[in-house]
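Here is how the chains run, residue by residue.
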Amino acid sequence: QVQLVESGGGLVQPGGSLRLSCAASGSIFSISAMGWYRQAPGQQRELVALLASSGSTNYGDSVKGRFTISGDNAKNTVDLQMNSLKAEDTAVYYCNIIARVSKTSLVTVYWGQGTQVTVSS
């Protein structure tokens, strides 16, 4: 069983910054990628940032230049530094990993429970 625990959400004023953290625990054999998605009310879940095990990154167009994803493979953690926040960044942010629990298991996607980020004055 793999568990993801997110932290760092909250209320911030426009232009401010927040840092989200996610820690994965459990029987993890290998991680292919770790990332962050978000879902605003009435909207579909969308990619925010993705960090592959190779070190390559991918960002959603709306956050490029403002958000930075980083990870620690040894600790199975991934962080999201969010700067210059806008009201439209308000959403529930979900941590996500693509991992195997054993050498022979299928690659599986795991999700955290989500953390609320609200950008408002």
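**Q** What is the right way to look at the pairing of strand β11 (residues 115–119) in this model?
**A** The two faces of a sheet get side chains in turn, since along a regular strand they alternate between them. Residue alternation in β11 divides its side chains into a buried set, T115, V117 and V119, and an unburied set, Q116 and T118. Note: strand β9 (residues 91–100) against β11, three bridges, orientation antiparallel. In the sheet register, A91 faces β11, and the bridge partner there is V117.

**Q** Looking at this structure, how should I read the nonpolar core?
**A** Buried together is how nonpolar side chains tend to be arranged in soluble globular proteins. Residues W36, L80, M82, Y93 and I97 are the most contacted members of the largest nonpolar core, which totals 30 residues. Looking at this core, the elements with two or more residues in it are β1 (2–7), β3 (18–26), β4 (30–39), β5 (46–52), β7 (67–72), β8 (77–82), β9 and β11. For this core, the leading source of residues is β9, giving five residues.

**Q** Explanation requested: the state of the cysteines in the structure shown.
**A** Simply put, the disulfide is a covalent bond whose two ends are the sulfur atoms of two cysteines. Under the criterion given, the structure shown has one disulfide. Each sulfur of the disulfide joining C22 and C95 lies 2.0 Å from the other. In this structure the cystine formed by C22 and C95 twists about its S-S bond by roughly -80°; its chirality is therefore left-handed. Of this pair, C22 sits in strand β3 while C95 sits in strand β9, placing them 73 residues apart in sequence. Its relative accessible area of 2% is what places C22 among the buried residues. Judged by its relative accessible area of 0%, C95 falls in the buried class.

**Q** Could you clarify how one ought to interpret the layout of surface pockets in this entry?
**A** Leftover empty space is mapped by rolling, across the atoms, a probe with the size of a water molecule. The calculated volume of the largest pocket comes to roughly 150 Å³. Surrounding the largest pocket, I31, S32, A33, M34, L51, A52, S53, S54, G55, G71, N73 and N76 form its lining. Of all the elements in the fold, those that place two or more residues in the lining of the largest pocket are β4 and β5. Examining the composition of the lining of the largest pocket, we find that four residues originate from one element, β4, more than from any other.

**Q** Before we go on, may I ask you to explain the packing of aromatic side chains in this structure?
**A** A ring pair, where both rings are aromatic, is described by two values, the distance of the centres and the angle of the planes. Tallied over the entire structure, the rule returns one aromatic pair. When the ring centre of W111 is taken as reference, the NZ or CZ atom of R45 above it lies at 4.6 Å.

**Q** Quick question: what am I supposed to make of the sheet that holds β3 here?
**A** Each strand in a sheet pairs with its neighbour through backbone hydrogen bonds, running either in the same direction (parallel) or in the opposite one (antiparallel). What the four strands build is an open sheet, ordered β1-β3-β8-β7; its pairing is antiparallel. Unpaired on one side and paired on the other, β1 and β7 mark the two borders of the sheet. Within this sheet the neighbouring strands show an average axis-to-axis angle of 15°, counted without direction. Both β1 and β3 contribute to a ladder of six bridges, which runs antiparallel. By the bridge assignment for β3, V5 is matched with A23.

Thresholds applied
- Residues numbered from 1 in each chain as written.
- Predicted model: local features only at pLDDT ≥ 70, side-chain atom pairs only at ≥ 80, totals over all residues.
- Heavy atoms only, no water.
- Buried < 20%, exposed > 50% of the residue type's maximum accessible area, 1.4 Å probe, protein only.
- Helix = DSSP H or I, 4+ residues; strand = E, 2+ residues; numbered from the N terminus.
- Pairing = 2+ DSSP bridges.
- Core = buried A, V, L, I, M, F, W, Y, C linked by side-chain atoms within 4.5 Å.
- Disulfide = S-S within 2.5 Å.
- 1 Å grid on protein atoms, 1.4 Å probe; cavity = no way out; pocket = protein on both sides within 12 Å on 5 of 7 lines; lining within 4 Å.
- Points joined across faces, edges and corners; volume = space filled by probe spheres on them.
- Phe/Tyr/Trp six-rings, centres within 6.5 Å; stacked < 30°, edge-to-face > 60°.
- Lys NZ or Arg CZ within 6 Å of the ring centre and 35° of its normal.
- Axes fitted to C-alpha atoms, helices over the stretch in contact; angles between N-to-C directions.

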